[in-house]
Protein chains: 2
Amino acid sequence: MTPYCELEKEELLALKQELEKQYEDARGKGLKLDMSRGKPASEQLDMTMPMMDIFNRDFDMHDEKGVDVRNYGNLEGIWGARRLLGEMLGVDPEHVIVFGTASLSVMYDTVSRSVTHGVMGSTPWCRLDKVKFLCPVPGYDRHFAITEHFGIEMIPIPMNEEGPDMDMVEECIKDPAVKGIWCVPMYTNPLGITYSDEVCRRIADLNPAAEDFRIYWDNAYCVHHLYDDRQDTLPDILSMCRANGKEDMVLEFASTSKISFAGAGISCIAASLGNLEWVKHSMTIQIISHDKINQLRHVLYFKDLDGIREHMRKHAAIMRPKFELVLDTLERELGGLGIGTWTKPLGGYFISFDSMEGCAKEIVAKCREAGVTLTGAGATYPYKKDPHDSNIRIAPSYPTLEELKVTAELFVLCVKLVSVEKLLNK
Amino acid sequence: MTPYCELEKEELLALKQELEKQYEDARGKGLKLDMSRGKPASEQLDMTMPMMDIFNRDFDMHDEKGVDVRNYGNLEGIWGARRLLGEMLGVDPEHVIVFGTASLSVMYDTVSRSVTHGVMGSTPWCRLDKVKFLCPVPGYDRHFAITEHFGIEMIPIPMNEEGPDMDMVEECIKDPAVKGIWCVPMYTNPLGITYSDEVCRRIADLNPAAEDFRIYWDNAYCVHHLYDDRQDTLPDILSMCRANGKEDMVLEFASTSKISFAGAGISCIAASLGNLEWVKHSMTIQIISHDKINQLRHVLYFKDLDGIREHMRKHAAIMRPKFELVLDTLERELGGLGIGTWTKPLGGYFISFDSMEGCAKEIVAKCREAGVTLTGAGATYPYKKDPHDSNIRIAPSYPTLEELKVTAELFVLCVKLVSVEKLLNK
């Protein structure tokens, strides 16, 4: 393959003409596909359907501790659910509170509580002139949306292959206005990489100027491996922080949204007892207890971490060919052309693509024009502003393999076309 | 019966001796009963158990609009759930958003959002020197806990037989710092009365100085009648406000916590489209979608308002004898003694008891000492301060009839004993 940048103008013009023809053909197909979000596929959801058989009208709705899960009570969640999610995160059940369906809400509430009531006794952020968060980029748009919603200034931290640029993180936290960092440490959204042990070590050893600085450790993809034989690993950040005498510095979040049912699973926070007391201070005002019926349903269905792992192997069997199809298409069609780079994750929900500078918005627009919705370009950056206009998050989970084939081919076509136009306009 | 206040000192002393003996006997029984919260009884929860049969592994998990309830999406809740809860409140589905399990959380979030972001574009309350709420008393302790949590000053508004003292309400809302009023309009907590049409008319016609004043209309007991033939009725406040050109002034809340499962039902807000847009402005940051599986489970189980009513008739069959047992005991043991008054509700979860001034705390303490936990005296007032120390909330739902008999008898005994002591110490 000749890299596009080495092509003569006439070659580029001829290529453009050919690509435009292909694009017109594609547009004529009247596609209507959505690859914008990390939604599980129907087949994945089907796999959890036996969970619907767990209960019936005659079932004894008491948990192992004798709690009637149909009535009020147990603010922290039933013991079995704390144990199950704790096991998934490698954390003792005492350090886990189980909530309702959405870890996103738990994170939102945590930021909201910090704004109105401060963190474990610190000054409420609403009384401070300036509050800042570190945002490794590219990152998860919904994290950035929370901090933006509360008027928190976001500082982008470049990601490298091992995680966030820790030199920069260590420098930034000298500012007492910096109160947090968003982390998706494993199979990160959208890169798909996992923080290295060294990065985790440096994170657990941070020495922030702000005593109310918290690491928002969103371990959303901790059991979401694609392969049996090649899996990333992540150390337990809570015990690392505790070993450093900084057990209050980290708040870990997770849910089963991408394990059981999206938006109907169970979620949790794992943290020091001090942080949990702080969480409960508001929680006890906010709710009497979360859905313990659904908690018990999950406990009885998955039983333990082995049960979750077994279940996730079935998910992987569906996800793996989708990832491979996209990666194969990218390699086959774009390999060697010098117009894009991409990640090759071993788990999670996303592939991250970087186009030539200044092309991402146009590629996404071209795809949409032909009927394929991608995550908006820029979404992976705070304020939706990608300074290089190059990052595109690819979410291969939801479409069928057939749809994905069409989508991936349209995508590489749009990348080529927009890149050629870019080179011609240089 | 001779009223206690007409007894001579010697008679009171003799009575005291006799009551103390009875109390010691009671204390010796080693009771351990909890009548502190409005928890449904196990028998009520049993009635909803067929809901556990609604789904099975082969069920087609799509709603009437074709939505896969197992996946993300539908921020506002599935259409069927909006229709079902809308029907229950007499409101169009378009004006209803269905949430997770707890209307308490929806109310908390609404106040929290007002504090951090203001109400439909108004100044966020955290930037104001003073924010006040009107609190009809006696009222619901968890309402007062929310406003207290956010540092909102609470102004007690006396309740009369028709609802809150509207003269006082109309006077108070001339203060632009007054931003809301907590209302449980039907079978109110703890009085059990229902706001009269005239009170509702005056509420819907309020002319508050603050444009961001909202009526928090917590319609928690809208279908919780005890009798078929004697039922309170409540007009639809939303349409009354709309008719007055004040459709944005009211936020209505409800849930099925005391219909299906406590803490595992579905909840909603009903309001003007303007208010709903405001709610969604934060909600879209906070969560992707609530538990639509549980929403569909409720829709398919109850089907419509008739289904809910039929179900609630079964609840009433359990609740009615409990209310009657307590009321009969109060009447039989305290009638004519002039040491207490109480309400005789036609629905809801509570009976409100007023002792002689300055006796409530001591009555509750005496009951606890003998093994029966009541709602803390004062809990029905802001800051837990009952200026007369007289109101006690009786929650007869959770104990069995046998337990309730013991409890009610202990209660009247403690009322007598504390009243005699009070009269002797005058």
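Our subject is the structure listed above.
These figures come from a predicted structure and were not determined experimentally. (Residues numbered from 1 in each chain as written. Chains lettered and ligands numbered in written order. Predicted model: local features only at pLDDT ≥ 70, side-chain atom pairs only at ≥ 80, totals over all residues. Heavy atoms only, no water.)

Peer 1: Mind showing me how you'd approach the overall build of chain A here?
Peer 2: Looking only at helices and strands, chain A has 13 helices and 13 strands in total. Radius of gyration (C-alpha) of chain A: 23 Å, near the 22 Å computed for a compact globule of 426 residues. Across its three principal axes, chain A shows a C-alpha extent of roughly 75 × 55 × 35 Å. Counting the 426 residues in chain A, one finds 63% classified as buried. Considering only residue pairs separated by 6 or more positions, chain A has 77% of its internal contacts joining residues 24 or more positions apart. Accessible surface computed for chain A: about 16000 Å², of which carbon and sulfur atoms make up 48%. Side-chain charges in chain A split into 48 positive and 65 negative, and the spacing between the mean points of these groups amounts to 4 Å. (Helix = DSSP H or I, 4+ residues; strand = E, 2+ residues; numbered from the N terminus. Rg over C-alpha atoms; globule rule 2.2 N^0.38 Å. Buried < 20%, exposed > 50% of the residue type's maximum accessible area, 1.4 Å probe, protein only. Contact = heavy atoms within 4.5 Å. Areas by Shrake-Rupley, 256 points an atom, 1.4 Å probe, with all protein chains shown as cover. Lys, Arg positive; Asp, Glu negative; His and termini not counted. Charge placed at Lys NZ, Arg CZ, Asp CG, Glu CD.)

Peer 1: Hey, could you run me through the sheet that holds strand β13 (residues 391-394) of chain A in this one?
Peer 2: What links the strands of a sheet is backbone hydrogen bonding, and the strands pair in either a parallel or an antiparallel sense. Residues and elements named next belong to chain A. Ordered in space as β10-β11-β13, the three strands form an open sheet in which the pairing is antiparallel. The open sheet terminates on both sides in strands that have one partner only, identified here as β10 (340-342) and β13. Averaged over all pairs of adjacent strands, the angle between their axes in this sheet comes to 25°, without regard to strand direction. Relative to strand β11 (residues 351-355), β10 runs antiparallel, the two sharing three bridges. From the neighbouring strand, Thr341 faces β11, where its bridge partner is Asp354. Contacts from helix α11 (residues 305-334) reach β10, β11 and β13 within the one sheet, and its direction differs from that of β11 by about 20°. Each of β11 and β13 touches helix α12 (residues 360-369); the most contacted strand, β13, lies at about 40° to it. (Pairing = 2+ DSSP bridges. Axes fitted to C-alpha atoms, helices over the stretch in contact; angles between N-to-C directions.)

Peer 1: Teacher, can you tell me more about the sheet that holds strand β11 (residues 351-355) of chain B here?
Peer 2: Residue and element names in this part refer to chain B. Strand order in this open sheet of three strands is β10-β11-β13, and the pairing throughout is antiparallel. Two strands close off the open sheet at either side, each with one partner strand: β10 (340-342) and β13 (391-394). Shown here is a sheet whose adjacent strand axes are inclined to one another by a mean of 25°, direction ignored. Pairing of β11 with β13, which is carried by four bridges, proceeds in the antiparallel orientation. Within β13, the position partnered with Phe353 by the bridge is Ile392. Those strands touched by helix α11 (residues 305-334) are β10, β11 and β13, and its axis lies near 20° from that of β11.

Peer 1: Got a minute to help me understand unusual backbone geometry in this structure?
Peer 2: Trans is the common state for peptide bonds, and a negative phi is the common state for residues other than glycine. Going from Val137(B) to Pro138(B), the amide bond is cis rather than trans, its omega being -5°. Within the secondary structure, Pro138(B) is located in the loop between β3 (132-137) and α5 (141-149). Cis peptide bonds are those with omega within 30 degrees of zero, and the linkage from Asn189(B) to Pro190(B) qualifies with 5°. Looking at the secondary structure, you find Pro190(B) in the loop between β6 (178-183) and α7 (197-204). Despite not being glycine, Lys384(A) shows a phi value in the positive range, around 60°. Judged by relative accessible area, Lys384(A) falls into the exposed class, the value being 60%.

Peer 1: How should I be thinking about empty space enclosed by the protein in this particular structure?
Peer 2: Any empty space left between the atoms is revealed when a probe the size of a water molecule rolls over them. Applying the stated criterion to the full structure yields 13 cavities of 30 Å³ or more. In this model, the largest cavity occupies a volume close to 480 Å³. The set of elements that each furnish at least two residues to the lining of the largest cavity consists of α4 (103-117) and α9 (273-286) of chain A together with α4 (103-117) and α9 (273-286) of chain B. Split by residue class, the lining of the largest cavity holds eleven nonpolar, 15 polar and four charged. (1 Å grid on protein atoms, 1.4 Å probe; cavity = no way out; pocket = protein on both sides within 12 Å on 5 of 7 lines; lining within 4 Å. Points joined across faces, edges and corners; volume = space filled by probe spheres on them. Nonpolar A, V, L, I, M, F, W, Y, C, P; charged D, E, K, R; others polar.)

Peer 1: What is the right way to read the relation of the copies chain A and chain B from this model?
Peer 2: The relation between the two copies of this chain is a rotation about an axis and a shift parallel to it. Superposing chain A onto chain B requires a rotation of 180° together with a translation of 0.0 Å along the rotation axis, leaving an RMSD of 0.0 Å. Here the transformation between the copies is reduced to the relation of a two-fold axis. When the interface residues of chain A are mapped onto chain B, 100% of them are again interface residues, pointing to one common binding face. (Least-squares fit on C-alpha atoms with pLDDT ≥ 70 in both.)

Peer 1: I tried to follow the nonpolar core on my own but got confused; where do I start?
Peer 2: Taken as a class, soluble globular proteins show a tendency for nonpolar side chains to be buried jointly. Ranked by internal contacts, the top residues of the largest apolar core, which has 181 residues, are Trp217(A), Leu330(A) and Phe411(A). In terms of residue count, the dominant contributor to this core is helix α13 (residues 401-424) of chain A (13 residues). For Trp217(A), the contacting residues outside a window of four places in its chain are Cys183(A), Pro185(A), Tyr195(A), Cys200(A), Ile203(A), Leu234(A), Ile237(A), Val250(A), Leu251(A), Glu252(A) and Phe253(A). In terms of nonpolar packing, the next biggest core, distinct from the first, is built from 55 residues, Leu334(B), Leu346(B), Met356(B) and Ala395(B) among them. (Core = buried A, V, L, I, M, F, W, Y, C linked by side-chain atoms within 4.5 Å.)

Peer 1: Looking at this structure, how should I read the packing of helix α5 (residues 141-149) of chain A against α9(B)?
Peer 2: Packed helix pairs are specified by the crossing angle of their axes together with the interaxial distance, meaning the distance between the axes. Interaxial distance between α5(A) and α9(B) falls to 9 Å at its minimum, and their mutual angle equals 140°. The angle between α5(A) and α9(B) falls in the class oblique. Of α9(B), the residues touching α5(A) (which contributes Arg142(A), Ala145(A), Ile146(A) and His149(A)) are His281(B), Ser282(B), Thr284(B) and Ile285(B). Its residues placed into classes, the contact of α5(A) with α9(B) shows three nonpolar, four polar and one charged. (Parallel < 35°, antiparallel > 145°, perpendicular 65-115°, else oblique.)

Peer 1: So what exactly am I meant to see when it comes to the interface of chain A and chain B here?
Peer 2: Quoted interface sizes are often the accessible area lost when the parts come together. Every contact between the two is made by 56 residues of chain A and, on the other side, 56 residues of chain B. Summing both partners gives a buried area of about 4700 Å² for chain A against chain B, and 56% of it is carried by carbon and sulfur. For chain A, the biggest contributors to the area lost against chain B are Arg70(A), Tyr72(A) and Ile285(A); these three give 16% of the whole. Inspection of the region where chain A meets chain B yields four salt bridges. In this structure, Arg70(A) engages Asp46(B) in a salt bridge whose closest nitrogen and oxygen atoms are separated by 2.8 Å. Connecting chain A to chain B are 17 residue pairs in polar contact (both at pLDDT 80 or more). Looking at the side of chain A that touches chain B, the elements that each hand over two or more residues are α2 (42-47), α4, α5, α9 and α10 (292-302) of chain A. Here the side of chain A that touches chain B takes eight residues from α4(A), the largest share from any one element. For the side of chain A that touches chain B, a count of residues per class yields 26 nonpolar, 19 polar and eleven charged. (Buried area = accessible area lost by both parts, 1.4 Å probe. Salt bridge = Lys/Arg side-chain N within 4 Å of Asp/Glu carboxyl O. Polar contact = N/O pair within 3.5 Å; in protein donor to acceptor, adjacent residues only side chain to side chain.)

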